[in-house]
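# Structural features, examined
One letter stands for each residue in the lines below.
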Amino acid sequence: MRKKAILITGAAGEIGQALVEYISTSGEYTLLTLDLQKMPERLNGRSHHIIGDILDQKLFARLVTEYELDTIFHLAALLSTRSEFSPELAHQVNVNGTLNLLQLAADQSQQRGKPVRFMFPSSIAAYGLPDLPTKARDFYVREWDWNYPTTMYGCNKLYCEQLGSYYSQNYQQLAETIPTMIDFRSVRFPGLISALTVPSGGTSDYGPEMLHAAAQGQPYRCFVREDSTIPFMAMPDAIVSLLRLWEAPRSALSRLVYNVTSFSLSAAEFMAEVQRHFPQAQISFEPDHHRQGIVDSWPAGLNDKLARQDWGWQPEYDVARAFDDYLVPNIRQMYH
Ligand code: AKB
């Protein structure tokens, strides 16, 4: 008999590590994790880990002979800055990879005769504001506002949200086949800040990089202007939001894609928070024209009213709690 499991792609990445740690702690689920990298040592034994590529369809064919997947958390992606250096590769990984996973979910749901829940983290990169006055005016964007991404990563995320919606509502709508049952759910995340990992390849990375550099006593040159403002969220809240949406009854959901957010900070305000805890931190501002353009196109805040209304989303960490209770104590412990 095949073993029931939850598949997590991109499991060795920032969100992946935190999610594996959280879900495996209950001991309730069998986790099958997939990544190009091995899992960090502290998570060894928490999942059955496979080093592999989401573009490798033969690998999926082998996996389903052993496992019955009832949920897929599809986290693997190339982030925004990295994607601008290799847009075609980003498209391959972010779009074709997602298509492979949706196809896998469709096949699994047909075999099981039951829905497969498909969790997909999207991003503020799905938005594209035209200029700074508009960004200041439309501070808290709603899900359907300004869906004009300027990056390959943002285009990929927005399109994959649509693909998820197609697979869950209209897949093979004219064919006489067994209906698939994909229960696609997505959150649009702000910039995430983890105490345990440093992001790489993203454009919101200046926040966490500033903090991790300060904790290690290293100077940091911030690649955006002081006034650059985007929303952020501490990693534990990101995980809780994914899990709350995962657990929510379908009947409570009025849409497939939800904004979630915690707090908005300018880069100068972020620096002030860092210096409150690390007064010696040496932070300078040397904006990079291209990365600045990306951050300027992202919203200053997200309107997450629908997530709050439909499935009770509520962040636990505001700015002060994020820094005082989660980020700083854990970062200090990690580097000392
Ligand atoms: C990035 O900067 O690319 C990501 C994101 C905002 O999705 N952190």
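Coordinates for the structure precede this section.
Below, the structure is looked at part by part. Predicted model, so just to flag it, every value in this text is computed and none were measured. By convention here, each chain's residues receive numbers from 1 onward along its written sequence. Totals for whole chains, interfaces and linings use every residue, but because this is a predicted model, local features are given only for residues with pLDDT of at least 70 and side-chain atom pairs only at 80 or more, for both listing and counting. Neither water nor hydrogens contribute to the side-chain values; these are computed over all heavy atoms in the structure.

### Overview of the environment of Tyr29
- A run of H or I in DSSP becomes a helix once it reaches four residues, and a run of E becomes a strand once it reaches two; helices and strands are each numbered from the N terminus. Structurally, Tyr29 is set in the loop between α1 (14-25) and β2 (31-35).
- Given the relative accessible area of 36%, Tyr29 is considered partly exposed.
- Residues Tyr29 and Ser297 lie 268 residues apart in sequence; the distance between their C-alpha atoms is 40 Å.
- Only heavy atoms matter for contacts: two residues are in contact if any of them lie within 4.5 Å across the pair. Apart from residues no more than four positions distant in its own chain, Tyr29 is found in contact with Ile6, Ile23 and Trp246. Burial classes follow relative accessibility: with a 1.4 Å probe on protein chains only, a residue under 20% of its type's maximum area counts as buried, one over 50% as exposed, and anything between as partly exposed.

### Structural notes on the environment of Tyr67
- For Tyr67, the location among the structural elements is in strand β4 (residues 67-74).
- Residue Tyr67 is classed as buried on the basis of its relative accessible area of 4%.
- C-alpha of Tyr67 to C-alpha of Asp325: the two residues are 258 residues apart in sequence and 39 Å apart in space.
- What Tyr67 contacts, discounting residues up to four positions off in sequence, is Arg2, Lys3, Ala5, Leu32, His48 and Gln108.

### Describing the environment of Ser186
- Residue placement: Ser186 occurs in strand β7 (residues 182-189).
- For the pair Ser186 and Ser123, spaced 63 residues apart in the sequence, the C-alpha separation amounts to 9.5 Å.
- Not counting residues up to four positions away in its chain, the partners in contact with Ser186 are Phe120, Ser122, Glu161, Leu245, Leu256, Val257 and Tyr258.

### Quick word on the site of the ligand
- Here a residue is considered near a molecule or strand provided that any single heavy atom belonging to it is located within 4 Å of it. Close to the ligand lie Leu79, Ser80, Ser123, Ile124, Tyr153, Gly202, Thr203, Ser204 and Trp298, which account for all nearby residues.
- At 2.5 Å from an oxygen atom of the ligand is found a side-chain nitrogen or oxygen belonging to Ser80.
- Pairs of N or O atoms within 3.5 Å make up the polar contacts considered here, provided that, within protein, one atom can donate a hydrogen while the other can accept it, and that residues adjacent in sequence are counted only when both atoms are side-chain atoms. Taking Ser204, its side chain carries an N or O atom lying 2.9 Å from a nitrogen atom of the ligand.
- The fraction of the free accessible surface of the ligand (250 Å²) that becomes covered by protein chains is 91%.
- Computed over the protein atoms alone on a 1 Å grid, cavities are sets of points where a 1.4 Å probe fits but cannot get out and pockets are open sets with protein on both sides within 12 Å along at least five of seven lines; a residue lines them when it has an atom within 4 Å of a point. Each molecule is checked against the cavity or pocket grid, and it sits inside if more than half of its atoms lie within 2 Å of the grid points. Cavity membership is defined here by more than half of the atoms lying within 2 Å of grid points; on that basis the ligand lies in the largest pocket.
- Under the scheme applied, nonpolar residues are Ala, Val, Leu, Ile, Met, Phe, Trp, Tyr, Cys and Pro; charged residues are Asp, Glu, Lys and Arg; polar residues are all the others, including Gly. Broken down by class, the residue content of the shell around the ligand amounts to four nonpolar, five polar and no charged. For the accessible areas, the method is Shrake-Rupley and the probe is 1.4 Å, while residue cover comes only from the protein chains on display.

### Focus: the nonpolar core
- Definition used in this section: a nonpolar core is a set of buried Ala, Val, Leu, Ile, Met, Phe, Trp, Tyr and Cys residues joined via side-chain atoms within 4.5 Å. Formed by 77 residues in total, the largest nonpolar core has its most connected members in Ile8, Phe73, Tyr206, Val274 and Trp311.
- Look past the residues within four positions of Val274 in its chain and what remains in contact with it is Met210, Leu211, Ala214, Ala281, Ile283 and Phe323.
- By size, the runner-up hydrophobic cluster in this structure holds 34 residues, among which are Leu32, Leu59, Phe60 and Ala106.

### Considerations on unusual backbone geometry
- Here Trp146, not a glycine, exhibits a phi torsion of approximately 45°, which is positive.
- Tracing the backbone shows Trp146 in the loop between β6 (140-141) and α6 (152-169).
- Located in the positive-phi region is Gln172, a residue other than glycine, with phi close to 50°.
- Structurally, Gln172 is set in the loop between α6 and β7.
- With a relative accessible area of 32%, Gln172 lands in the partly exposed category.

### Side note on the layout of surface pockets
- Its boundaries defined by the atoms lining it, the largest pocket holds a volume of some 1,100 Å³.
- Forming the boundary of the largest pocket are 44 residues, of which Gly13, Leu75, Ala77, Leu79 and Ser200 lie nearest the centre.
- For the lining of the largest pocket, the elements supplying multiple residues, two or more each, are α1, β2, α3 (80-85), α4 (87-112), β5 (116-123), α6 and β8 (191-193).
- Among the residues forming the lining of the largest pocket, the class breakdown is 22 nonpolar, 16 polar and six charged.
- Considered as a void within the structure, the second largest pocket measures approximately 220 Å³ in volume.
- Residue lining of the second largest pocket: 15 residues in total, with Ala18, Glu21, Leu196, Met235 and Tyr326 positioned closest to the centre.
- Where the lining of the second largest pocket is concerned, the elements lending two or more residues are α1, α8 (235-247) and α12 (319-335).
- A per-element tally of the lining of the second largest pocket places α1 first, with five residues.
- When grouped by side-chain class, the residues that make up the lining of the second largest pocket number eight nonpolar, four polar and three charged. Grid points are joined across faces, edges and corners, and a volume is the space filled by probe spheres set on the points.

### Things to note about the sheet that holds β4
- Pairing between strands is defined by DSSP: at least two bridges between them are needed. The seven strands lie next to each other as β3-β2-β1-β4-β5-β7-β11, forming an open sheet whose pairing is parallel. Sheet topology places β3 (48-51) and β11 (257-259) at the edges, where each strand pairs with a single neighbour. Strand-to-strand, the axes of this sheet are offset by a mean angle of 20°, without reference to chain direction.
- Two strands pair when backbone bridges link them, and β5 and β7 are joined in this way by eight bridges, in the parallel orientation. Each residue of the ladder has a partner; that of Pro121, found in β7, is Val187.
- Each axis is a line fitted through C-alpha atoms, taken for helices only over the stretch in contact, and angles between the N-to-C directions span 0 to 180 degrees. Each of β1 (3-9), β4, β5 and β7 touches α4; the most contacted strand, β4, lies at about 145° to it.
- With respect to the sheet, α8 is in contact with β1, β4, β5, β7 and β11, its orientation differing from that of β7 by roughly 155°.

All quantities given are derived from atomic positions and should not be read as evidence of function.
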